[in-house]
Amino acid sequence: MYNFKEVEKKWQDKWDKEGTFNAKDDYNMPKWFGLIEFPYPSGQGLHVGHPRSYTALDIVARKRRMQGYNVLYPIGFDAFGLPAENYAIKNHIHPKITTEQNIAHFKEQLKSIGFSFDWSREINTTDPNYYKWTQWIFIQLFKKGLAYKATMPINFCTGCKVGLANEEVVNGVCERCGSPVVQKEKSEWMLKITEYAQRLIDDLDDVDFLDKIKAQQKNWIGRSEGAEINFKIKDTDDALLVYTTRPDTIFGATYMVISPEHKFIEKHKDMIENLDEVKEYQEKAAMKSEFERSELNKEKTGVELKGIKAINPLTNEEIPIWISDYVLITYGTGAIMAVPAHDQRDYEFAKKFNLPIKQVIKDKERDLKELTEAYTDIENGIAINSGFLDGLGSKDAIDKAIDYIEENKIGTRKVNYKLRDWVFSRQRYWGEPIPMVYCEDCGWVPIPEEELPLKLPEVKDYEPGENGESPLSKQTEWIKTKCPHCGKEARRETDTMPQWAGSSWYYLRYMDPHNDKALASKEALEYWSPIDWYNGGMEHTTLHLLYSRFWHKFLYDLGIVPTKEPYQKRTSHGMILGENGEKMSKSKGNVINPDDIVDEFGADAFRVYEMFMGPFDQTAPWSMESIRGCSKFLDRVWNLQDILVDGNEYSKEFEVMMHKAIKKVTKDIEEMKFNTCVSTFMTMVNEFSKAKKINKKEYETFLQLLNPFAPHMTEEIWEKLGHKEQLAYTPWPKYDEEKTVDEMIDLPIQVNGKLRANINIKKDEEQDIIKEQVHNEEKIKAYISGKEIVKEIYVPNKIYNIVIK
RNA sequence: GCAGAUAUGGCGGAACUGGUAGACGCACAGGACUUAAAAUCCUGCGGACUAAUAAUCCGUCCCGGUUCGAUUCCGGGUAUCUGCACCA
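Source: prediction; values computed, not measured. (Residues numbered from 1 in each chain as written. Chains lettered and ligands numbered in written order. Predicted model: local features only at pLDDT ≥ 70, side-chain atom pairs only at ≥ 80, totals over all residues. Heavy atoms only, no water.)

(A) Local environment of the sheet that holds strand β26 (residues 569-572). Read across the open sheet, the five strands follow the order β2-β1-β25-β26-β10; overall the sheet is parallel. A single partner strand is all that each edge strand has here, and the edge strands are β2 (70-72) and β10 (208-209). Examined bridge by bridge, β10 and β26 share two bridges and lie parallel to one another. Bridging from a neighbouring strand, Phe-209 pairs with Arg-570 of β26. The sheet strands contacting helix α2 (residues 49-66) are β1 (31-36), β2 and β25 (533-536), and the helix crosses β1 at an angle near 170°. (Pairing = 2+ DSSP bridges. Helix = DSSP H or I, 4+ residues; strand = E, 2+ residues; numbered from the N terminus. Contact = heavy atoms within 4.5 Å. Axes fitted to C-alpha atoms, helices over the stretch in contact; angles between N-to-C directions.)

Rendered as structure tokens:
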């Protein structure tokens, strides 16, 4: 009987003691760097979702070692973050302590599953020796003008009086207290990711990411092409600048709309006749909670700025200006020219406020008659009522309109992105201190690099201030410092970095984790870059993945890293749902604890099941019944020892099966089709059991193939077979293409495309001989006798089809 | 609304570039072993129709098309999931 508890412990201890899976410092070997997203060590411990991703790349890593690569498969902890801080506020335990405890627990759990991580390179983002370099990168960003202070609206909880991260706003209310969340202006550190927007799109062409990941990133960056156009304001020298992707519709612009936050209002308040009404609308918009905003979709609201008119530069008509919150201050110029006939939002607004709707595009074929909604078809549209644009298709009209606008100095061609700069400040304790000092005379000055790391001070009180200031703002002693530039009294920044900071470059640190001179040595960076394969969750596609690509590109520009992109290949895993098919959550009571599984079935069964449960990239519900099947399978693998016979070559009987299996497993692992690998293993075991024999060579090859999936049991059997060296570094089995095909084949025969019989033929048999055999087949005779044969189709070794009338 | 994905037995799923649909596993049923249970082993298992067989028909979300042949390709729809969402 197989005792998984004993065996698994034995090998885990051995691996730990001997550092079996540590990467080698031999830079002449071919390398392979596999990466999984390092976990946040939460108090709940490991989730069954973590091992899905970790096992998958563990399998690839183990296979690569057997294929002779110097493998780096590292692990660490992304340990700054809110839960630890919230826990500290409630229980007055320093986040450092809970973090340490949680990490200890995670390590124990991870080791119990037998991942082949290189534990000698473990990192932790809260370690000052680590965040020293996070701070250092920030300073470089500042020096290049990519980090700047700006006043930004943030989420502010009206109950807790605290600034919240987006993740803490759930349905427009505070996650903790349920109070409404409003926008509040705050001075924040920003990172200019927008500067890299185009490169973040373009360089996706050079990497091997799943298409859906590329699509989602492009979508998020949201490039659009159009023009910025100035609309003169009547009786002033001023103009209102708008952004549009449809300059061809400008003849149909019958009014303008600016966002409630637009500076235009303050500037021209003397001209506005209904200023009180306008102010009231502005205030309402500011007070509107996130919840109301997401609710509001339906009805448009707005107020006209009375007493002011703009002039459509193409029609020279006077048009009114409105304010409305359907125009966003954060996109384009915060102002639009409204073309109600050809933009659905403008159409709805115009209908509600009885503004003129002027059609300037017709359809190539259809008669649009009275518009009941905006006509926006760019493919079939043709300009009308548009002067010099008349008769042009929309695409040509756009180009011609922009040319005209540029020639007449009314505006310019312009590319816009939805991507916004990255709000980098958090009014929080448990994060990397931002290494900046404010001096009355010199402004913001970075602390000297030799003073890094700027350590997080010890505090007793983790509560934020009355107005949402960082807890660090109460550390008056710590704040007080000298300006590194002029030496005058100055104060430190009290905001900290977001959790995304430490994870934006962690993969680089793995290459050379103990270096105290640089974030990693030049040699290590040259050798290990780029990451060959990075697997992680889809939920990080537009956050972590994009942020780290941005930082990497910045470091590339500084000449620090050798590649434009950090990750050569990116894949993602599907989520594991609870047994009821719903997302696992404590409140639903459907959480599966990995410890329980390992305890009951063992790590190998756990690993095999996670790979067998379904296609790797798709969500799959957990099943306690199915895992038992995997556990049973492993027992049968163990029991094959009872029917072991001698044999240093594959037996005739199993030769083809062995070569086929090696081929399939070798290929399927690369394609992440782990589920079919496991079913291949199961089929093999069935065959050996049926034959009541397996020879040594067959067993050994089988164990080598299975080893990445079930490393403990396979090592144990390997040792029992008399091997002194570990299986983990034996060469990966090879197959012979010619031997992957059976000599005799069952050839299906169809009549009119329906299967009617099977005949047994020799592989690559002459067609004439097969034809004769087919026509002699009794079943087939019955179908074709007396019928006219129209056609006979033979696909060699695949199928034979007879078409009759 | 935009983007992406998915749809196959009671369940999870398999099927290479268009070539035997349902591999493998779970559940279920029957049998062997056992005083008994568990474990293990063997057999069956998409549906309809016959007596259980042979034969036949239907069957991969729906409708249509291409083809000797379609889960796979094309056109049109439906449903579910994920992300983003008044982005001008």
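Here the narrative resumes, following the displayed structure.
(B) Focus on the packing of aromatic side chains. As enumerated under the stated definition, the model contains 51 aromatic pairs in all. Each ring, one from Tyr-609 and one from Trp-622, has its centre 4.9 Å from the other, and the planes form 85°; the classification is edge-to-face. With Tyr-609 in helix α18 (residues 603-612) and Trp-622 in the loop between β28 (620-621) and α19 (624-639), this residue pair connects regions lying 13 residues apart in the sequence. Through successive ring pairs, a cluster of aromatic residues spans Phe-138, Phe-142, Trp-189, Tyr-196, Trp-422, Phe-424, Tyr-438, Trp-444, Trp-500, Tyr-547, Phe-550 and Trp-551. The ring of Tyr-69 carries Arg-64 above its face, with NZ or CZ at 5.8 Å from the centroid. The ring of Trp-119 has Lys-111 sitting right over it, with the charged end atom 4.8 Å from the ring centre. (Phe/Tyr/Trp six-rings, centres within 6.5 Å; stacked < 30°, edge-to-face > 60°. Lys NZ or Arg CZ within 6 Å of the ring centre and 35° of its normal.)

(C) Geometry of the state of the cysteines. With the rule as written, the count across this model stands at zero disulfides. With no disulfide of its own, Cys-483 lies closest to Cys-439 among cysteine sulfurs, the gap being 3.7 Å. In this structure Cys-483 comes out as buried when scored by relative accessible area, which is 4%. (Disulfide = S-S within 2.5 Å. Buried < 20%, exposed > 50% of the residue type's maximum accessible area, 1.4 Å probe, protein only.)

(D) Spotlight on unusual backbone geometry. In the segment running from Leu-452 into Pro-453, the intervening peptide bond is cis, with an omega of 0°. With respect to the helices, strands and loops of the structure, Pro-453 is situated in the loop between β22 (443-446) and α13 (476-479). In this chain, Ser-529 is followed by Pro-530 through a cis amide linkage whose omega measures -10°. Positionally, Pro-530 belongs in the loop between α15 (522-528) and β25. A positive phi angle, near 60°, is found at Asn-316, a position not held by glycine. Here Asn-316 lies in the loop between β14 (303-311) and β15 (318-323). Non-glycine residue Asn-354 carries a positive phi angle of around 55°. Inspection of the secondary structure puts Asn-354 in the loop between α11 (344-353) and β17 (361-363).

(E) Molecular detail of the sheet that holds strand β24 (residues 489-492). Pairing is antiparallel across the open sheet formed by four strands, whose spatial order is β22-β21-β24-β23. Two strands bound the open sheet, and with one partner strand each, they are β22 and β23 (480-482). Across this sheet, the average inter-strand angle for adjacent strands is 45°, counted without regard to direction.

(F) Broad picture of a negative patch on the surface. Residues Asp-276, Glu-277, Glu-280 and Glu-283 make up a contiguous surface patch of negative charge. By secondary structure assignment, the location of Asp-276 is in helix α9 (residues 275-287). By relative accessible area, which is 67% here, Asp-276 ends up exposed. (Patch = residues over 30% accessible without salt bridge, like charges linked within 9 Å, V, L, I, M, F, W, Y side chains within 5 Å. Areas by Shrake-Rupley, 256 points an atom, 1.4 Å probe, with all protein chains shown as cover. Salt bridge = Lys/Arg side-chain N within 4 Å of Asp/Glu carboxyl O. Lys, Arg positive; Asp, Glu negative; His and termini not counted. Charge placed at Lys NZ, Arg CZ, Asp CG, Glu CD.)

(G) Here's a closer look at the nonpolar core. In terms of nonpolar packing, the biggest core is built from 84 residues, with Trp-622, Phe-633 and Phe-709 touching the most fellow members. Here Phe-633 is in contact with Val-608, Phe-681, Met-682, Val-685, Phe-702 and Leu-706, once residues within four sequence places are set aside. Counting 82 residues, the second largest nonpolar core, distinct from the first, contains Phe-209, Trp-430, Leu-452 and Tyr-567. (Core = buried A, V, L, I, M, F, W, Y, C linked by side-chain atoms within 4.5 Å.)

(H) Spotlight on the packing of α19 against helix α22 (residues 696-706). Where α19 contacts α22, the two axes come as close as 12 Å, and the packing angle between them is 150°. It follows that α19 is roughly antiparallel to α22 by the angle criterion. As for how α19 packs across α22, the hand of that crossing is left-handed. Residues Phe-633, Val-637 and Trp-638 of α19 touch α22, and the partners they reach there are Tyr-699, Phe-702 and Leu-706. Here the contact of α19 with α22 is composed, by residue class, of six nonpolar, no polar and no charged. (Parallel < 35°, antiparallel > 145°, perpendicular 65-115°, else oblique. Left-handed = near helix turned anticlockwise from the far one by under 90°. Nonpolar A, V, L, I, M, F, W, Y, C, P; charged D, E, K, R; others polar.)

(I) Representation of the pairing of β26 within the structure. Every second residue of β26 is oriented toward a common face, with Lys-569 and Thr-571 on one face and Arg-570 and Ser-572 on the other, all of them buried. Where β25 lies against β26, three bridges are found, and the strand directions are parallel. Opposite Asn-535, over in β26, you have Thr-571 as the bridge partner. On the question of chirality, the crossover connecting β25 to the parallel β26 by way of helix α16 (residues 544-557) is right-handed. (Right-handed = clockwise from strand over helix to strand, strands pointing away.)

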